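Spelled out from the first residue to the last, the chains are:
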Amino acid sequence: HSDRKQLLRAVFMILATAMFLIALAQPRWGQVHRTIQRTGLDIVFALDLSRSMLERDVTPSRMEAAKKEIDTTLGLLDGDRVGLVVFTAVSFAHSPLTSDYGALLFYLRKLKPDQMPMGGTSVGRAIQDATELLTGAELNDKEQGAKTSDFKRAKNQLIVLITDGEDHESD
């Protein structure tokens, strides 16, 4: 038992507590605000979730092959924003435009045809919803005109339609 060791222990405890409090405050310095110009594409994947996409004429199924192709495509992109529209006889945006490819892949892996409220295939509705997602404007809104959103849209926009080609519902 030494007084010197007790004093040293007390000093180290005070230093450790002080360092912990400083780390808890998360100090930051040297920040510079700058505007980063983004160039690239806005891409919307429109994925058919009809039951016919479960056919196994493509290994392991049409649906899984489509998901794998989207995953491969996302791996090739760099900074482009992507969105996801899913459709059967009804269509809706499942993911907004984002550069968070991990989030889109998370949504994509969870998709199953039994999640849709009705069967069938309406390619026209899927293209309409994908266009609205890309442009930020309601296509059928005649009274208010086209509404634009606050964030900047890319000059180059692309819709990737993934379906087995059986369109039962479109006009």
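Higher on the page you've got the structure.
Notes on the structure in this doc start here.

So, how was this worked out
Residues numbered from 1 in each chain as written. Predicted model: local features only at pLDDT ≥ 70, side-chain atom pairs only at ≥ 80, totals over all residues. Heavy atoms only, no water. Helix = DSSP H or I, 4+ residues; strand = E, 2+ residues; numbered from the N terminus. Buried < 20%, exposed > 50% of the residue type's maximum accessible area, 1.4 Å probe, protein only. Areas by Shrake-Rupley, 256 points an atom, 1.4 Å probe, with all protein chains shown as cover. Salt bridge = Lys/Arg side-chain N within 4 Å of Asp/Glu carboxyl O. Axes fitted to C-alpha atoms, helices over the stretch in contact; angles between N-to-C directions. Parallel < 35°, antiparallel > 145°, perpendicular 65-115°, else oblique. Contact = heavy atoms within 4.5 Å. Nonpolar A, V, L, I, M, F, W, Y, C, P; charged D, E, K, R; others polar. Pairing = 2+ DSSP bridges.

In this section: the overall build of the protein. Of the regular secondary structure elements, the protein holds 4 helices and 4 strands. For the protein, the α and β elements follow one another from N to C terminus as α-β-α-β-β-α-α-β. Residues counted as buried form 30% of the 171 residues belonging to the protein. Accessible surface computed for the protein: about 12000 Å², of which carbon and sulfur atoms make up 55%.

On to the pattern of salt bridges. Between side chains of opposite charge, a pair can form as their charged atoms come close. Under the criterion given, the structure shown has 5 salt bridges. Put simply, Arg81 and Asp42 hold a salt bridge, and the shortest N to O gap is 2.8 Å. Linking Arg81 in strand β2 (residues 81-87) with Asp42 in strand β1 (residues 41-48), this pair joins segments that are 39 residues apart in sequence. For the pair Arg81 and Asp42, a shared accessibility class is recorded, and that class is buried. Note that Lys67 and Glu64 form a salt bridge whose closest N and O atoms lie 3.8 Å from each other. With a gap of 3 residues between them, Lys67 and Glu64 both fall in helix α2 (residues 62-76), about one helical turn apart. Through salt bridges that share partners, Asp57, Arg62 and Asp164 make up one connected network.

What follows covers the packing of α2 against helix α3 (residues 101-110). One can describe the packing of α2 onto α3 by two numbers: an axis separation of 11 Å at closest approach and a directional angle of 175°. As summarised for this structure, α2 and α3 are arranged roughly antiparallel, according to the angle between their axes. On α3, the residues touching Lys67, Ile70, Asp71 and Leu74 of α2 are Tyr101, Leu104, Leu105, Leu108 and Arg109. Partitioning the contact of α2 with α3 into residue classes produces 6 nonpolar, no polar and 3 charged.

Attention now goes to the sheet that holds β2. One open sheet holds the 4 strands; their spatial order is β3-β2-β1-β4, and the pairing between them is mixed. Of all the strands in the sheet, just β3 (91-98) and β4 (156-162) have a single pairing partner and so form its edges. Recorded for the sheet is a direction-independent mean angle of 15° between the axes of neighbouring strands. Relative to β3, β2 runs antiparallel, the two sharing 5 bridges. Within β3, the residue paired with Val82 across the bridge is Thr98.

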